[in-house]
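An overview of the molecular structure
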Amino acid sequence: MSNAIWDALAATPLPEVQRRAAVVNDLAEVEPVTLTGARRLGWNDRGGQSAVWYFADDGRALLLTFDHESSLNLYAEEDFALQESFYQGVPESLVALVRDRPENYESLNLTDSATGRTIHYAGGVFWYDGTHWHVSEGVAEYCRREDVDLFGESGFDYCLKVYRFGQDFTSETVVATRDEKSRYEDDKEREADLLGVREVFTRHG
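Residues numbered from 1 in each chain as written. Predicted model: local features only at pLDDT ≥ 70, side-chain atom pairs only at ≥ 80, totals over all residues. Heavy atoms only, no water.

Here we come to the overall build of the protein. Summing up its helical and strand segments, the protein has nine helices and eight strands in all. Over its C-alpha atoms the protein spans a radius of gyration of 17 Å, differing by no more than 12% from the 17 Å that the globule rule assigns to 205 residues. When the backbone C-alpha atoms are referred to their principal axes, the protein occupies close to 55 × 35 × 35 Å. Scored against the burial criterion, the 205 residues of the protein give a buried share of 50%. Within the protein, residue pairs in contact and separated by at least 24 positions form 59% of the contacts whose partners lie at least 6 positions apart. When the accessible surface of the protein is summed, it comes to about 10,400 Å², and 46% of that surface belongs to carbon and sulfur atoms. Across the protein, the 20 positively charged side chains and the 38 negatively charged ones have centroids separated by 5 Å. (Helix = DSSP H or I, 4+ residues; strand = E, 2+ residues; numbered from the N terminus. Rg over C-alpha atoms; globule rule 2.2 N^0.38 Å. Buried < 20%, exposed > 50% of the residue type's maximum accessible area, 1.4 Å probe, protein only. Contact = heavy atoms within 4.5 Å. Areas by Shrake-Rupley, 256 points an atom, 1.4 Å probe, with all protein chains shown as cover. Lys, Arg positive; Asp, Glu negative; His and termini not counted. Charge placed at Lys NZ, Arg CZ, Asp CG, Glu CD.)

Okay, here's the thing in structure tokens:
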């Protein structure tokens, strides 16, 4: 299984993954959430795509990605069993972080009509065991069976670009990316934004 961003994530020490997740969370103005035994950080592009990280106190992690335009968007399917199967192979103690929880902008809930239980929608489910990152068995099996591009259709490639794994991640690179997308009207606006982004990086230094 070869994917440049996946390989870069796998090569990044967890503290650096957490730092980048915290910086991006603040830049995206997502409210961090503390759960029992874990901390939730997220990102969204305000257009339906999102990445959500759960960093457990024991050194493990859960990553959910979602692209509403992809074939792995199960929102319209209303198939609880299928969505739950995407978490197959992930330790239940990590799945519990997204089961029967309030929904939010990044993670809507799918409800089991028979039991009333809920689980967060996700096109991609990935987890870290304290040493290595894994693709959930359920997502991997579904993609093999349906001949789906796992990293593309899960939103992984799109949603993780902002974290720049395997690349420099500084206030300057963030602002340069924004500049490339014509975010600023002039240099004065660009410099003002750079000062604000630097404050975020300093806070998570």
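Our focus in this paragraph is the state of the cysteines. Evaluated as defined, the whole model comprises zero disulfides. Here C143 stays unpaired: no disulfide links it, and the sulfur of C159, its closest cysteine neighbor, is 14 Å away. Classification of C143 by relative accessible area gives buried; the value is 5%. Residue classification places C159 among the buried residues on the basis of a relative accessible area of 0%. (Disulfide = S-S within 2.5 Å.)

So, on to the nonpolar core. Within the largest apolar cluster, 68 residues are counted, with the highest numbers of intra-cluster contacts made by L9, W53, W133 and L160. Those residues within four positions of L9 in sequence are excluded, and the remaining contacts are V17, W53, L63, W133, F156, L160 and F165. (Core = buried A, V, L, I, M, F, W, Y, C linked by side-chain atoms within 4.5 Å.)

Considering all chains together, one arrives at 15 aromatic pairs under this definition. By the ring-pair criterion, three or more aromatic residues cluster together here, those being W53, F55, Y128, W133, Y163 and F165. (Phe/Tyr/Trp six-rings, centres within 6.5 Å; stacked < 30°, edge-to-face > 60°.)

Right, let's get into the packing of helix α8 (residues 171-180) against helix α9 (residues 187-203). Packing of α8 against α9 brings their axes to within 9 Å, and their N-to-C directions diverge by 140°. Relative to α9, the element α8 lies oblique. Of the two elements, α8 crosses α9, and the hand of that crossing is right-handed. Every residue of α9 that contacts α8 at S171, E172, V174, V175, A176, R178 and D179 is listed here: R190, D193, L194, V197, R198 and F201. Of the residues belonging to the contact of α8 with α9, the class tally is six nonpolar, one polar and six charged. (Axes fitted to C-alpha atoms, helices over the stretch in contact; angles between N-to-C directions. Parallel < 35°, antiparallel > 145°, perpendicular 65-115°, else oblique. Left-handed = near helix turned anticlockwise from the far one by under 90°. Nonpolar A, V, L, I, M, F, W, Y, C, P; charged D, E, K, R; others polar.)

Pairing is antiparallel in the open sheet, where six strands are placed in the order β1-β2-β3-β4-β7-β8. Two strands in the sheet have a free side with no partner beyond their single neighbour: β1 (33-35) and β8 (133-135). On average, each strand axis in the sheet is tilted by 20° relative to the strand beside it, whichever way the strands run. Alignment of β1 against strand β2 (residues 38-44), held across three bridges, turns out to be antiparallel. Across the sheet, residue T34 finds its bridge partner in β2, namely R39. Relative to the sheet, helix α2 (residues 14-27) contacts β2, β3 (50-56), β7 (124-128) and β8, its axis offset from that of β2 by approximately 55°. (Pairing = 2+ DSSP bridges.)

Over its 17 residues, α9 runs 25 Å from end to end, which matches the ideal 24 Å to within 8%, given 1.5 Å per residue. Listed as buried for α9 are D193, L194, V197, V200 and F201. Buried residues of α9, viewed axially, fall in a sector of 120°; they line one side. For α9, exposure combined with an orientation more than 90 degrees from the buried face picks out K188, L195, E199, T202 and R203. Packing partners of the buried residues in α9 comprise α2 and α8. For α9, the N-terminal cap is D186; the gap from its side-chain oxygen to the backbone nitrogen of K188 is 3.2 Å. (Expected span 1.5 Å × (residues − 1). Arc of directions from axis to C-beta. Polar contact = N/O pair within 3.5 Å; in protein donor to acceptor, adjacent residues only side chain to side chain.)

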